[in-house]
Each structure stands twice: as structure tokens, then as C-alpha cells.
Amino acid sequence: MQRQPVLNAAALETLVSAAIMAPSIHNTQPWRFRLAPHIRTIEVRAAPERALPLADPDGRALHLSVGAAVFNLRVAAAHLGWEPMVRLLPRPGEPGLLATVRLVGPAYTAPPPRPDLYKAIWQRHSSRLPFTGEPVSEAVLEKLVAAARADGAELRLPGKVESSRLLSLTADAELRATGDSARLAETRSWLRDSDEGPFGLPYTALGPRDAEARVPMRDFTGLDLRHWQPSAQFEEHPRLLLLSTRDDRPADWLSAGQALQHVLLVLTLHGLRASMMYQALEWSDLRWLLRDPSSSGCCEPQMLLRIGYGPEGAATPRRPVEDALAAPDVVAPAGRSPDRAAALER
């Protein structure tokens, strides 16, 4: 018989440390965690003060980010010996409570074979740099598709013609955003010098512009020449992935976030990098055009990814575990876990 895992301070720190390593738009980290120890459940709540009212008025990106954190919680819980039981939007009267993760266990049935996603949590981060253009094998792409499908989403692999159309829509969205002074100011408000705190994007994590204007990377600095970078040669044929769900409700956004993180961890294990090209999803008319015109099924786009082999890019900071925990019923962290310490040193 397996021993019952213990939910002590060290275990809680490991769980929350893993959760906060999830990606979020502009590294806003729009989540908060609360432990209900009597039912061994972690509540995952929105942090509305770190929302983006202009770029994300309906909260889609916030829900995607929280969903990614929930997936990391699931992986860390399984790593520690629990079976995580997830409920999305469990209390309609509490819209800020986006998910609960109940720690049940130990599981008495062997989990299905899958790669060690736990170690990838600490290795993954976005790369806004050029990739080599080396093709991704069909076997790896099939694993990414399977990862998305395991969490209720579909991952489409557009060809060169469709990829060109998606990049054009992304470029249109980028042009709109840079021409909107209020949105540009909102984006710039999340830029940070490297020592300015645990939120936002340090300038060191930004990437260059594409010298051939094929890959429309987000322009965070605009005309601010203090942090200007020379343009660079990006891959000629970017490999794009379009993550979609059948429906388009807040629960679907949370599911899409879990599927997104599942895909990101699997590709990390295979030595791939990813950048999230979310610009067109911030505009309702362009988001509608992202849909695959040949699809009649799972067709609500939630994220456009660019993946490839190449440099990993700079890591972004994370807030301390104790700051991500909400009172009451909080177990105080007992020291920094080795996994988290290693991640923060990256």
C-alpha cells in the first residue's frame, strides 16, 4: 500500500512554486492561491489588480494564464504522490474563484505513461528570439497534438499558406496596437528594469524585430530608443500551432490554458522553444478571422504559438510564494524548495 502524502509547508511551497512558473501575458501573474487544509484543497483565484483592461477586457488571457497555473499544480501534485481532482468555476456566486484542486490520494492505479513533465516546469520559458528553422519531426508534432487533446483542446498545424495568413492577421493586430496610445501605454506599464520587482517583463527578456518582417513579434518599446535592439534574421518558414476549443466560455478558456501548458511542457522536453503570438486574439474581428476556414469542429481560437529550435531567451521573474498565497487558512512556507531555488537562479 502506498503511503499517504503529507500536505505540510514544504509540500505547499512546492505546489505553489510550480504553479507560478506558468506563463502569463506580459508576465502579469494574475493568480492567487488559498489553501483549505480541512478538505486538502487549493483554491486558485483571479488577481484582478493585475488584469489588462484594454488588451484583455473580457478576461480571456487572464483565464488562459490561470489555466496554465492549474496544469502546473496538477503535475506537481502528481509528482508528490497525490491524485489532483480539478473543478473549474466551482462556485457561481464567487466569480473570482476560477478553480479548485483537491489533493486526493495516493492513487492506487498506475498513471498512464507520459514524459516527466514536472522537470519541464522549471525549464520552460518563452523565447522571443529567432529560431533556426530546423523542421520539427512529425513524431514530436503528434505528441503536441495529443497533449492538447488530452486537456480538451485541438492543436492545428497550419501549412505554409495558412501560416502566412495567420502571420498577416497578427501583423495587422500589432499595427493596431502600436497605433493605439492607450493600449501601448498599458503594455509599456509592464516593462521593467531587471531589478524592479517580480512582475512584468524585464527589457532583457524582449527580442529583436524580424529584419524581413515575416514574423510580427510584439513591439513592447515602440519609439523608446533607450532599449532599441537591431533587427535580426528570423526563420523563413515559421512553424505555427493554433490552439482551439469547441466553445468559447470562461470554462473553455481555463481548459485551453491547461492544454496550452501541457503542450508547452511537452515541447520543452523535446528541446523546443515557443513564443506566444497573442496579438490578433486581443481584437474580436481579427480573432474571428483566425479560425480555420476548413474546420467544422473545434474552431474557437485561443492561442497562436510559434515554435522551433534555438536559444531559450531570458527568463522572467516570479513573485515569492508567500506573496501568491491568500489568507486565511494559509500554511506558511518553510524554506525554499530546491526546485524553485534552481528555477530562480536561471
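The structure reproduced in this document is the subject of the present report. No experiment lies behind these values; they were computed from the predicted model shown. (Residues numbered from 1 in each chain as written. Predicted model: local features only at pLDDT ≥ 70, side-chain atom pairs only at ≥ 80, totals over all residues. Heavy atoms only, no water.)

In this structure the tally under the stated criterion is 23 salt bridges. We note a salt bridge from E282 to R218, for which the minimum N-O separation is 2.8 Å. A residue pair is termed long-range when its members are at least 10 positions apart, and E282 in the loop between β9 (273-276) and α8 (284-289) and R218 in the loop between β7 (201-202) and β8 (239-245) qualify at 64 residues. Here R218 falls in the buried class, since its relative accessible area comes to 17%. One salt-bridge network, held together by shared partners, links D58, R60, D248, R287, R291 and E300. (Salt bridge = Lys/Arg side-chain N within 4 Å of Asp/Glu carboxyl O. Helix = DSSP H or I, 4+ residues; strand = E, 2+ residues; numbered from the N terminus. Buried < 20%, exposed > 50% of the residue type's maximum accessible area, 1.4 Å probe, protein only.)

Right, let's get into the packing of helix α1 (residues 9-19) against helix α2 (residues 60-80). Between α1 and α2, the least distance of the axes is 7 Å, while the angle of their chain directions is 145°. Note that α1 runs across α2; the crossing there is right-handed. Listed contacts from α2 to A11, T14, L15, A18 and A19 of α1 are A69, N72, L73, A76, A77 and L80. Tallied by class, residues from the contact of α1 with α2 come to 9 nonpolar, 2 polar and no charged. (Axes fitted to C-alpha atoms, helices over the stretch in contact; angles between N-to-C directions. Left-handed = near helix turned anticlockwise from the far one by under 90°. Contact = heavy atoms within 4.5 Å. Nonpolar A, V, L, I, M, F, W, Y, C, P; charged D, E, K, R; others polar.)

A full pass over the atoms with the stated rule returns 1 aromatic pair. Ring geometry for Y118 and W122: centres 5.8 Å apart, planes at 75°, overall edge-to-face. Considered together, Y118 and W122 belong to a single accessibility category, that of buried residues. Directly above the aromatic system of W283 lies the positively charged group of R176, at a separation of 5.2 Å from the ring centroid. (Phe/Tyr/Trp six-rings, centres within 6.5 Å; stacked < 30°, edge-to-face > 60°. Lys NZ or Arg CZ within 6 Å of the ring centre and 35° of its normal.)

Of all residues except glycine, most have a negative phi; of all peptide bonds, most are trans. Positive phi is not limited to glycine here, since N27 has a value of about 55°. Relative to the helices and strands, N27 is located in the loop between α1 and β1 (31-36). Under the relative-accessibility criterion, N27 is labelled buried at 3%. Here A213, not a glycine, exhibits a phi torsion of approximately 60°, which is positive. Positionally, A213 belongs in the loop between β7 and β8. Since its relative accessible area comes to 68%, A213 is described here as exposed.

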